[in-house]
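The chain contents come next:
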Amino acid sequence: MKHLSKPLSLPGAVPGTELLGRSVIYVPAADSTNAYLARLARKGQEEGTVVAADSQWAGRGRRGRNWHSAPGLGLWFSVLLRPGGPPGGALDTSPPLGLITLMAGVAAAEAIGAAAGGGTVSGGSGAGSAAAAAAGGRAQTMVSGAGDTAAPPVGATPPAGIKWPNDVLLGGRKTAGILAESGTGPGREQRWVALGIGINVNHGPKDFPEDLRSKAVSIAAIRGGPVPREPLFISLIQNLDRLYALWRQGRHGTMLNRWRELCVHMGRPVTVTGSGVAFSGRTIDVTAEGLLAVETDSGVRYAAAGEVSLGWDGCTGP
Ligand code: BTN
């Protein structure tokens, strides 16, 4: 894939939004856009500010991992939310924070699916679901093809789906990740969330480190040609703005239902590992707190953190 040398050219404010994206700060390079935004948040930066960078030298992933951010090839940005006072405090009247990351997954999957040309998984509740059939069985292909390095056949652009908690997948491989980090500031009562989103947009296989090549994919590789980053950025922020407005009103039911539809392993076997747990079972739901509900041989278990791998490993442990 050809490297795009043109720097991101973003508007100073995202059009058509109420709150998110009303101020967009572009920096050619940052340590991490989440870290950059956190520094601004502590000094009182207004809610809705977005920081986007063309490259990150210390991009952060979930569970303390690094996030590989190839210069000029992806979208690496963070959105500042101020969802209320500290958790459990007098000002904490907001819905659960876990919902924010689910919301970001939905916003990202919808925008990425459109940019890739395959839309989104529409109904992931099992191999026999009407929606999977309507997608020409492609949702099924995506699940079983996890980790596959083969390019999708021509004319079979896979739809975007979500793997809990919020990895956006195309063709079973990771296209985007989301990391929400929170703190307080400038005052002790002023909670902020830096909602960081990283999207592999124009990478070719060689633009990923070797150990990621079988697991990661760019939108361009799926689409079969370069993808302009700016319209993708704008549509994602617009999606997020709409969902966040509903979240603030406590009207997140529709978003949760959409998440369930987009989840590529809903109704299917998974293995959950990490944070001291390892168990296999069948995904049955996601809760309003963002927990994954898995039906195991010993009853329903709820995952709050950790990794999901698709398939049944027979783990029953703690
Ligand atoms: C994951 O591990 O899946 C989450 C990856 C999140 C990466 C994004 S890129 C923009 C923002 N800045 C960071 O340092 N991380 C997030």
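Conventions used here
- Residues numbered from 1 in each chain as written.
- Predicted model: local features only at pLDDT ≥ 70, side-chain atom pairs only at ≥ 80, totals over all residues.
- Heavy atoms only, no water.
- Helix = DSSP H or I, 4+ residues; strand = E, 2+ residues; numbered from the N terminus.
- Buried < 20%, exposed > 50% of the residue type's maximum accessible area, 1.4 Å probe, protein only.
- Areas by Shrake-Rupley, 256 points an atom, 1.4 Å probe, with all protein chains shown as cover.
- Salt bridge = Lys/Arg side-chain N within 4 Å of Asp/Glu carboxyl O.
- Axes fitted to C-alpha atoms, helices over the stretch in contact; angles between N-to-C directions.
- Left-handed = near helix turned anticlockwise from the far one by under 90°.
- Contact = heavy atoms within 4.5 Å.
- Nonpolar A, V, L, I, M, F, W, Y, C, P; charged D, E, K, R; others polar.
- Near = heavy atom within 4 Å.
- Polar contact = N/O pair within 3.5 Å; in protein donor to acceptor, adjacent residues only side chain to side chain.
- 1 Å grid on protein atoms, 1.4 Å probe; cavity = no way out; pocket = protein on both sides within 12 Å on 5 of 7 lines; lining within 4 Å.
- Sits in = over half its atoms within 2 Å of the grid points.
- Points joined across faces, edges and corners; volume = space filled by probe spheres on them.

Asks: Any details on the overall build of the protein chain? Residues and values, ideally.
Replies: Within the protein chain, the regular secondary structure consists of seven helices and 12 strands. Burial status across the protein chain gives 54% buried among its 318 residues. Only carbon and sulfur atoms are counted for the fraction: they give 54% of the accessible area of the protein chain, which is about 13,100 Å².

Asks: Let's hear about the pattern of salt bridges: which residues, and what values?
Replies: Scanning the model with the defined rule gives 14 salt bridges in all. In this structure, Arg229 and Asp54 form a salt bridge, with 2.8 Å as the shortest nitrogen-oxygen distance. Taken as a pair, Arg229 in helix H6 (residues 229-248) and Asp54 in strand E2 (residues 49-56) lie far apart in primary sequence, 175 residues in all. Taking the relative accessible area as the measure of exposure, Asp54 reaches 8% and is therefore buried. Here Asp285 ties to Arg260 by a salt bridge, and the two come within 2.6 Å at their closest N and O atoms.

Asks: Describe the packing of helix H2 (residues 98-116) against H6, with residues and values.
Replies: The N-to-C vectors of H2 and H6 enclose an angle of 145°; their axes lie 9 Å apart at closest approach. Judged by the sense of rotation from one axis to the other, the crossing of H2 with H6 is right-handed. Across the interface between the two elements, Leu99, Ile100, Met103, Ala104, Val106, Ala107, Ala108, Glu110, Ala111, Ile112 and Ala115 of H2 pack against Leu232, Ser235, Leu236, Asn239, Leu240, Leu243, Tyr244 and Trp247 of H6. Here the residues of the contact of H2 with H6 sort into 16 nonpolar, two polar and one charged.

Asks: Outline the site of the ligand, listing residues and values.
Replies: Near the ligand lie 20 residues; those nearest to it are Ser32, Gln56, Arg60, Arg62 and Lys174. With respect to the ligand, the side chain of Ser32 contributes an N or O atom lying 2.8 Å from an oxygen atom. Contact between the ligand and Gln56: a nitrogen atom at 2.9 Å from a side-chain N or O atom of the residue. The protein chains hide 99% of the 410 Å² of surface that the ligand would expose on its own. Taking a 2 Å distance to the grid points as the criterion, the majority of the atoms of the ligand fall inside the largest pocket. Looking at the shell around the ligand, the elements with two or more residues in it are helix H1 (33-42), strand E3 (74-84), strand E6 (173-184) and strand E7 (191-200). The element contributing the most residues to the shell around the ligand is E6, with four residues. Looking at side-chain class alone, the shell around the ligand contains six nonpolar, 10 polar and four charged residues.

Asks: Please provide a residue-by-residue account of the layout of surface pockets, values included.
Replies: Roughly 930 Å³ of volume is contained in the largest pocket. As for the largest pocket, its lining consists of 41 residues, and the residues nearest its centre are Arg65, Trp67, Asp167, Lys174 and Leu212. Only H1, E3, strand E5 (167-170), E6, E7 and strand E12 (307-310) provide two or more residues apiece to the lining of the largest pocket. A per-class count over the lining of the largest pocket returns 14 nonpolar, 17 polar and 10 charged. Counted as a void, the second largest pocket has a volume near 350 Å³. Taken together, 20 residues make up the lining of the second largest pocket; nearest its centre are Gly98, Thr101, Pro165, Asn166 and Ala180. Elements with a minimum of two residues in the lining of the second largest pocket: H2 and E6. Sort the elements by how many residues they give to the lining of the second largest pocket and E6 lands first, with five residues.

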